[in-house]
Structures are given as structure tokens and as C-alpha cells.
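Take a look at the letters that make up each chain.
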Amino acid sequence: MNSTYLWYATRATGIVTLVLLTLTMVLGLVTTSRSRARNWPGFAQQELHRRISILAVVFLVIHVITSILDSYVHIGWLAVVVPFASPYARLWVGLGTISLDLMVAVFVSSLLRSHLQPRTWRGIHWLAYGSWPIALAHTFGLGTDSSEHWVIALGTLCVLSVGLAFLWRLRATAKLRAMVPNPDPPAVRQSRSVSTAGALGGPRDA
Amino acid sequence: MPSADLAPPVGKVHRLLGHPGNLTEHLDAHGPLNVAVSRNSTWQQGLVTSLEASGLTGRGGGSFPTSIKLELALAAGSRGTIVVNAMEGEPASEKDKLLLCRVPHLVLDGAQYLAALCRADRIVVCIPIGHDAVATAVRHAVAERSDHRHAPLAEEIVRPPDRFIAGEESALVNWIDTGRSLPVFRPDKGTPLRIGRRPALVHNTETLAHLALIARDGPGPFRNRGMTGEPGTSLITVSGDVAHPGVVEVDRGTPLWDIAKLSHPVEPVQALLVGGYGGAWVGPEHFATPYATSPLRRIGAAAGVGVIVVLGASSCGLTESARIARYLADQSARQCGPCMYGLPAVADDLAQLARGQGDGDSMARLHRRLGQMMGRGACRHPDGAVGLVRSALAVFATDIAGHSQGRTCPFWRSPTSLRFPRAVEV
Amino acid sequence: MNELRIAIDPVACKAYGYCAELLPEAISLDEWGYPIIDGHPVPAELLTLAKRAARDCPMRAITVRRKSGR
């Protein structure tokens, strides 16, 4: 295949993956339990979050394949999963690998969700918090298009959306915690015990 | 060796209180334990039959037939743990503390019998932090009987936190297992509680004391007391507006008022609280009701934990109920939404009514909230609270009608006649 | 009679409310956002939605189980 087309495909799918990943993050962050906004279909938002994440994975796969098949630079199949194994742009490609590894972990754990403890699933899902900024670094570190104005604008938009969504989430969690009526009081002290039982301790028919 | 077949000793009267407390006299009075040599199925079957024939039910609040609970435990397998529930989280109850201070060997014997029956390999006695007099008494008793003839299994004492919910069966086992005193959701009550992978059988202090006597004397003396459908005796703590609060031992089926009279109530009495703070108020028209499961259920109450609190005429039933509701709300484990948010809301509603600050909506809101809370928690805590409040709304209806229109009774500011571990504000 | 019923684990439930969105015919929410179920068996036409609600619950608090009629 023509190396140029592969190269364009890699860059394009890379940008699209980043945007889809950003969207996934935002949809996942702007969720909270005990939501009072009863006109908002939370189940639909969750479904959208899932489907966009699948789309992101699809574009990621294409992005990885085209980048490996492109013979202009040598990355190698190993570097797809092993970080910093690529001779070409070892650091920035390596970051991409890390981001991919984290994404795969999140994805697989969600597929196997019914077989995992909820806490395990949640712990792995939080790896997403790592995957996104590393993907961002990979995109702008490689520098292929990162001097284009529209790319910079897109990147800024991504950072702003995730940043704002993250702040929203922090605030929502704090508000929830404040809503619990009188949280656990300290261990109560024992009252003085009744000691007059002796006067009435006998059986009724004694 | 006592079994169901032997006739009980002539003239033997079943009772828990009044027996000697130290080991020597205890053995003189009741004979030896005799389980070490008896790990044979004849003896075990004999004891199961005895328990079944006796009609013993749990004295920890559930009134569940002990023999059925035992069958489930036997099916759960061996090498389990017998848990002696001496938590007595109910503030108005003193019977378990009393038993363990006065006749600890009866209780511990009961645990040993059960352990031999279930082939358990561990006995754990749960005494809350703060109940130090009880812990001392039990430690002393355990030291007295530390011989395999008297105690084939070592009797461990543990100190869970002193919270109302900590004595709930699944919360207690959870604490022993994981250190977290939180009730566990059990959709199927037939599946056994577990500590690790081993089954755990939890029994109330008083139930075990009865069991120890039934194991030695057969079911006869127990059946000879109480009433036909509900034999035996119960320990009841009577408190409130009485001259002599304390613990009494009465036949099951004794009328409520006869039990209350033993503590010399300050008359006139406007209501009795039966079964504990998660129980129900009973008005004067029902004071003759026998203290037994079915008769109480018919009037909307339950035997619950052996507690009767007397409310005199110079107390405000609504305010006392508001205090109880506040206490129960504070004691929620805060795991389940309906309890965590619903109980404090109900307590707020009652407090508002007690202060005469209800709005036109208060009663309707209260009824709606009560209607939504039953059965939606992992344990029975919210259910008990709902039962208590509903009974208050019925028994103190006239007074509440006045309060809800801003006409508070003269007694709503009186100090409480109830016991709480810490002052409860309304 | 073996019917399928909705069961909710009250300890796990954190009131996300997706179940009530998907199955308003069988699940309503109290004033604090927690689900109230009526205890009736799930009608056949709602079964798919019920299973979806069970799958979509972020806390895995809701299950559709076969319970012999009590």
C-alpha cells in the first residue's frame, strides 16, 4: 500500500480516536448517583458512553494497523503492546502504547464485567483517567500535525471539556457526601445499667 | 445422661433466674455437662428431639423456632462457629447482661451443647465494648470452667462495637469475619451465615440458657411453663414510669399488665411499649393481651425482645416516640437508601409534630414515608422503626391530632422516661 | 409457580435510577431516588427491558430471578 495513504490514515484515525476518547471521558465523568435531573435519560447517556468507547477502539485499531503497515518508519508489531519498543520515536510511540494498554484493560474488564467484583471493575475502569492524558501527550508529542492551528484548537477543546467535566464530577461527589443525614456519630457511651433486678429476679410462681 | 426419653426429675421447675452463679454450685444443681463423651448420633438426635418437643423459640427478638434454626445449621455442615449474641443493643433491655452476670455457666453450657450438636469447632461470646462488668463476669466464669470436662471447646470473648445494629445476626457475623459491623443483604434466609467459609450459628444469650436446661432436664419442665402454643418462660425488662424497674422472669402468655405490675407502675398508665424500641405501643384496651407471639400479632405488636416500657399519664407519647425515632435513625447502618434517608426524615416529621410545628401536610407526608419504608433495607431495622411509629400514630391519635393543630399537650417538654445511651434531642 | 421477579440489593444500590428509567411500569423511585418494586412477577413483554436494567445497573444491584411463588 502506498505509504503516503497509510500515513494520512494513521494521522486521521489518530485524531479521531483522541476526539472519541475525549467524548467517552466526558460522558463518563458527567454521571453521578442519586441524580436529581429526572428529565435526563441516564441509561441512554451510559449507553452512549459505551458505544462511543467501542467506536474509539475501532479507530484505534485502524490507527495501529496503518501505522505498523506503513514502511516509511519502522515501529514493529511488538511496540503495539510493549511500551518503548519502537525504534521510531521511542518515547512518544511508547506513550501511545501505554495508553492503548490501559484502554484495552478497561475495555476487556467491561466485557467481563458480570464476572468481576464491582470494586475490581471500578478500579480497572479508573485506569481510563491515565489513558486519556497519555493519549494526549502521544498526539502532541509526536508532532506530526501538532503545529496546525485546527489541531491545536481541537486539542485545547479536548483538554477544556475533560477538565470541566472533571471539576463537575468533583463537585457533584462532594454535594452527595454532604447530603447524607448526620453521618456516623462517634461510638456511644454506655448508660448506667439497671442493678435493681435482684428485687424482682424470682420466678412468677415461686 | 439426660435425654428426651427419660422422665424429668420430679418437681423440677424450669427457670433461669435464682440459680447459683459459681461453677461448683452450678454443677451441684444441674449435674455435669456430659457432652465430651457424647459425640454420637443417638445423643445428638435425642437433643434435637428435645428441643423440638420443647417448643423453644429465639429470645433475641425473632421468636424463631430454635429447632428449625438448628436443622438449617446442621445442614450447613460441621466445623462451624457458635456465636453467643450478648450484644443487647436494645437500650431498654437488661436481661442478657443480667444472665451473664448471674448465671454465666448456664449460657456457656448452652453454647457447648450446641457446639457438640453441630460439630462446631469454635465458640465466640460477643460482648460489646463498654459492657465491661459483663465481660469481667464472663471472663471469670470462663476461667472457672477452663477444663475440657466443663468446656470441651474454648470459649472466646470478643468485643464488637456498641451500636444498636451491631447485634443484628448478619452484622455480628460480618464483624467477626471482616471487622465491619454492617448487616448483609440475605435474600434467602435459609442460606447460612459464614465466617470465612465456615458456617456460623448465632443465638441469643437467653435462648442458650433455656437450651442448657432443656438439654439436661428434657423438654418437660420447659413445656410445663408458659402456655400451650408458646411454652416456657421469658425474661422481660420492665422500665419507664415505674417505681422498681428491673428484669423479671415470667411464663410466656402472662398478660402484659400483670408483667408491668411487677415493677409497680406509676398509675394511671397511658400505654405500654412492648418488644423494644423497634416494637409497638399498646393502649389500655389491650393491656390484658398475653405476652406471646400470636396474641400480640393480632393487636399489631410482637413479642420482640423481652422489653416492656411503661408510659405514665404525665408523659407525652408522641414526644417519646419522636425520641425513639431519632435514636433509631442515628443507629442506622447507613447502607441502604430508604433507611439512611427515610428514618431521619420520619424522625424530623415526628419532632415537628411533637413541637406543635406541623404544617397541613405533615401527617400525609409521614404516612406516605412510612408506607414506603417497609422491607426495603438489608435488615429489619427500618421495619421496626416503621412499626413503632405506626403504633404511636394509632395509640396516641388524640394527642397527635392536637399537636398537629398546634395544641401541644402539657407534657411534651418533660424529661424522657425512656433510656438512651446518649441524650436524644427532639 | 416459577415466575421471574425483580430483586434489588439495597446495600449495593446507589440510586442511579437507570432501572426506573427503563422499566417505569414496574419500578418507581422514592423521594430520595431509590427504587420501589411492587413484588409482582415481571410480565413477559417487559422481560427484555428487565434484563437490560439488570445489565445496565452500575452497581449490579438489580437482578431478575426465578422465585417460586410465595
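Residues numbered from 1 in each chain as written. Chains lettered and ligands numbered in written order. Predicted model: local features only at pLDDT ≥ 70, side-chain atom pairs only at ≥ 80, totals over all residues.

Asker: Lay out the overall build of chain B with the relevant residues and their values.
Answerer: A tally of regular secondary structure across chain B gives 16 helices and 12 strands. For a compact globule of 426 residues, the expected C-alpha radius of gyration is about 22 Å, and chain B comes in at 22 Å, within 12% of that figure. Within chain B, the fraction of its 426 residues that count as buried is 58%. Long-range pairs, those at least 24 residues apart, make up 74% of the contacts in chain B with a sequence separation of at least 6. (Helix = DSSP H or I, 4+ residues; strand = E, 2+ residues; numbered from the N terminus. Rg over C-alpha atoms; globule rule 2.2 N^0.38 Å. Buried ≥ 20, exposed ≤ 12 C-beta atoms within 10 Å, placed from the backbone. Contact = placed C-beta atoms within 7 Å.)

Asker: With reference to specific residues and values, describe the overall build of chain A.
Answerer: Helix and strand counts for chain A come out as seven helices and zero strands. Secondary structure elements of chain A, listed N to C terminal, follow the sequence α-α-α-α-α-α-α. Within the span of chain A, comprising 206 residues, buried residues form 20% of the whole. Long-range contacts, defined here as pairs at least 24 residues apart, represent 64% of the contacts in chain A between residues at least 6 apart.

Asker: Can you lay out the interface of chain C and chain A for me, pointing to particular residues and giving the numbers?
Answerer: Listed per partner, the contact involves 11 residues of chain C and eight residues of chain A. Examining the composition of the side of chain C that touches chain A, we find that three residues originate from one element, helix H1 (residues 18-22) of chain C, more than from any other. Here the residues of the side of chain C that touches chain A are counted per class, giving five nonpolar, two polar and four charged. (Nonpolar A, V, L, I, M, F, W, Y, C, P; charged D, E, K, R; others polar.)

Asker: Outline the packing of helix H2 (residues 41-54) of chain B against helix H8 (residues 205-217) of chain B, listing residues and values.
Answerer: Residues and elements named next belong to chain B. Packing of H2 against H8 leaves a shortest axis separation of 10 Å and a crossing angle of 115°. As H2 runs across H8, the sense of the crossing is right-handed. Where H2 abuts H8, its residues Leu47, Ser50, Leu51 and Ser54 lie against Leu211, Ile214 and Ala215. Looking at the contact of H2 with H8, its residues break down into five nonpolar, two polar and no charged. (Axes fitted to C-alpha atoms, helices over the stretch in contact; angles between N-to-C directions. Left-handed = near helix turned anticlockwise from the far one by under 90°.)

Asker: Explain helix H16 (residues 397-404) of chain B residue by residue, including any values.
Answerer: Residues and elements named next belong to chain B. When H16 is considered as a whole, its buried residues turn out to be Asp399, Ile400, His403 and Ser404. Down the axis, H16 shows its buried residues gathered within 130° of arc, on one side only. Turned more than 90 degrees from where H16 packs its buried face, Thr398 and Ala401 sit exposed. On its buried side, H16 packs onto helix H12 (317-330), helix H13 (337-354), helix H14 (362-373) and helix H15 (381-395). (Arc of directions from axis to C-beta.)

Asker: Now, about the domain arrangement of chain B: what can you tell me, with residues and values included?
Answerer: All names here are of chain B. Its domain assignment divides chain B into domain 1 (23-224), domain 2 (230-312) and domain 3 (317-404). Placing a centre on the C-alpha atoms of domain 2 and another on those of domain 3 gives a separation of 22 Å. Taken together, the contact pairs 11 residues of domain 2 with 12 residues of domain 3. Looking at the side of domain 2 that touches domain 3, the elements that each hand over two or more residues are strand E10 (269-274) and strand E11 (280-282). (Domains from an automatic or database assignment.)

Asker: Describe the nonpolar core, naming the residues involved and giving the relevant values.
Answerer: All names here are of chain B. Within the largest apolar cluster, 129 residues are counted, with the highest numbers of intra-cluster contacts made by Val83, Val84, Leu172, Ile259, Leu272, Ile308 and Ala325. The element best represented in this core is helix H5 (residues 104-118), accounting for 10 residues. With near-sequence residues (within four places) excluded, Val83 lies in contact with Val124, Cys126, Leu172, Val173, Ile176, Ala200, Leu201 and Val202. (Core = buried A, V, L, I, M, F, W, Y, C linked by C-beta atoms within 7 Å.)

Asker: Describe the packing of H5 of chain B against helix H6 (residues 132-144) of chain B, with residues and values.
Answerer: All names here are of chain B. Contact geometry of H5 with H6 gives a least axis separation of 10 Å together with a crossing angle of 65°. The pairing of H5 with H6 is recorded here as roughly perpendicular in orientation. Of the two elements, H5 crosses H6, and the hand of that crossing is right-handed. Contact residues: Pro104, His105 and Leu108 in H5; Ala137, Val138 and Ala141 in H6. Taken together, the residues of the contact of H5 with H6 break down into five nonpolar, one polar and no charged. (Parallel < 35°, antiparallel > 145°, perpendicular 65-115°, else oblique.)

Asker: Can you tell me about H13 of chain B, naming the residues and giving the values?
Answerer: Residue and element names in this part refer to chain B. With 18 residues, H13 ought to run about 26 Å at 1.5 Å a step, and its terminal C-alpha atoms sit 25 Å apart, in line with that. Most of H13 sits inside the fold, with 14 of its 18 residues counted as buried. Of the residues trailing H13, Gly356 is marked for its positive phi of about 75°. (Expected span 1.5 Å × (residues − 1).)

Asker: Pulling in residues and values, what's your account of the environment of Gly356 of chain B?
Answerer: Residue and element names in this part refer to chain B. Within the secondary structure, Gly356 sits in the loop between H13 and H14. Note on Gly356: 16 C-beta atoms within 10 Å, which makes it partly exposed. With 46 residues separating them in the primary sequence, Gly356 and Gly402 have C-alpha atoms 8.3 Å apart. Each residue touching Gly356, except ones within four places of it in the same chain, is listed here: His403, Gly406, Arg407 and Thr408.

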